[in-house]
Amino acid sequence: MVGMAQWAVVIPEARLASERLFHHETLELSDGGDVPGPVEGDQVLIVAEEPAPRVVALGRITAAAGRADDDPDNADVAPGGPVVVTYTRRFFDEPTDAAELTLAGPLTSVDAPTFAALSARVTPAVDNRTWLVSLDLPIEAPNPAEAVRLFWTYVMELGPRELPTYVSPSDDELAMQAFVLGEEANQDPEEED
């Protein structure tokens, strides 16, 4: 693509936490204000700043027009206009160090050699595999339909910040692990963390 530019987009810590918990196809953030902004097709490094710069995902700028804004986490969009990034690769749990990246706000132009060097550090993609994911809650209710309604109410109210979710490879159910807030959590009351 002729004239394609590369950018580093800083993801706020609160949004980073949300991105680690929920699968979103796009990331919408405020633009750089007075910085001449990216255009559709530009490549993006999505960067978390704290405690040190690290790349957590790769993406491409996509047009905001016609996008259904059904994501409540997009509340941090500034009036100057959003930058909408479609993920091409996520690695929130294995970020790549980007100490040599000098950030100049929420949106920074990145030269092609730096972009290529940082992109090359990304852990190679692995093929998807099938996982069994479960959430079991004991629910007291007068009938099955009410039990289901109460279940979804608890899930919505407590969510991934409080409810442990159990995951295992589909071919190795004995390898089940509990996760809370997107991280492995010990659920054995007889063992200390």
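These figures come from a predicted structure and were not determined experimentally.

A. Structural detail: the overall build of the chain. Helix and strand content of the chain: 3 helices and 11 strands. Listed N to C, the secondary structure of the chain is β-α-β-β-β-β-β-β-α-β-α-β-β-β in terms of helices and strands. Taken across its 193 residues, the chain has 33% of its residues classed as buried. Put simply, the chain shows about 11,900 Å² of open surface, and 54% of that area lies on carbon and sulfur atoms.

B. Structural detail: the pattern of salt bridges. The tally for this structure, following the rule as stated, stands at 6 salt bridges. The residue Arg20 makes a salt bridge to Asp93 at a minimum N-O spacing of 2.7 Å. Placement of Arg20 in helix 1 (residues 13-21) and of Asp93 in the loop between strand 5 (82-90) and strand 6 (96-97) is noted, with a sequence separation of 73 residues between them. When its relative accessible area of 28% is taken as the criterion, Arg20 is described as partly exposed. Under the relative-accessibility criterion, Asp93 is labelled exposed at 57%. One salt bridge connects Glu100 with Arg121, and the closest N-O pair in it is separated by 2.5 Å. Taken together, the residues Glu100 in the loop between strand 6 and strand 7 (107-110) and Arg121 in the loop between helix 2 (112-120) and strand 8 (131-134) connect sequence positions 21 residues apart. In this structure Glu100 comes out as partly exposed when scored by relative accessible area, which is 40%. The exposure class of Arg121 is partly exposed, given its relative accessible area of 39%.

C. Structural context of the nonpolar core. By size, the foremost hydrophobic cluster in this structure holds 17 residues, and its most contacted members are Ile11, Leu27, Ile46, Val56 and Val85. Of all the elements in the fold, those that place two or more residues in this core are strand 1 (6-10), strand 2 (26-30), strand 3 (43-48), strand 4 (54-61) and strand 5. If we skip the residues at most four places from it in the chain, Val56 touches Ile11, Leu16, Ile46, Ala48, Arg90, Phe91, Phe92 and Pro95. Residues Leu58, Phe91, Ala98 and Phe115 belong to the second largest nonpolar core, which totals 12 residues.

D. Here's a closer look at the side chain of Thr96. With respect to the secondary-structure elements, Thr96 resides in strand 6. Residues within four places of Thr96 in sequence aside, it is in contact with Arg54, Val55, Phe91, Leu118, Arg121 and Val122.

E. Local environment of the environment of Val47. Along the chain, Val47 falls in strand 3. Along the backbone, Val47 and Ala57 are 10 residues apart, and their C-alpha atoms lie at a distance of 7.3 Å. The residues contacting Val47, other than those within four sequence positions of it, are Ala8, Val9, Val10, Ile11, Pro53, Arg54, Val55, Leu101 and Leu103.

F. Just the packing of aromatic side chains, in detail. Taken as a whole and judged by the stated rule, the model has 2 aromatic pairs. On the basis of an interplanar angle of 80 degrees and a centroid distance of 4.9 Å, the ring pair of Phe151 and Trp152 is categorised as edge-to-face. Over the ring of Trp131 we find Arg129; its NZ or CZ atom is 4.9 Å from the centre of that ring.

G. Layout of unusual backbone geometry. With an omega of -5 degrees, the peptide bond running from Glu50 to Pro51 counts as cis. Of note, Pro51 is situated in the loop between strand 3 and strand 4.

H. Examining the pairing of strand 3 more closely. Within strand 3, 5 of the 6 residues are buried, which leaves the element mostly enclosed by the surrounding structure. Note that strand 1 and strand 3 share 5 bridges and pair parallel. Directly across from Val9, in strand 3, lies its bridge partner Ile46. Here 6 bridges tie strand 3 to strand 4, and the two strands are oriented antiparallel to one another. The residue bridging Gln43 from the neighbouring strand is Arg60, located in strand 4. The turn linking strand 3 back onto strand 4 is made up of 5 residues.

Cut-offs and rules
Residues numbered from 1 in each chain as written. Predicted model: local features only at pLDDT ≥ 70, side-chain atom pairs only at ≥ 80, totals over all residues. Heavy atoms only, no water. Helix = DSSP H or I, 4+ residues; strand = E, 2+ residues; numbered from the N terminus. Buried < 20%, exposed > 50% of the residue type's maximum accessible area, 1.4 Å probe, protein only. Areas by Shrake-Rupley, 256 points an atom, 1.4 Å probe, with all protein chains shown as cover. Salt bridge = Lys/Arg side-chain N within 4 Å of Asp/Glu carboxyl O. Core = buried A, V, L, I, M, F, W, Y, C linked by side-chain atoms within 4.5 Å. Contact = heavy atoms within 4.5 Å. Phe/Tyr/Trp six-rings, centres within 6.5 Å; stacked < 30°, edge-to-face > 60°. Lys NZ or Arg CZ within 6 Å of the ring centre and 35° of its normal. Pairing = 2+ DSSP bridges.

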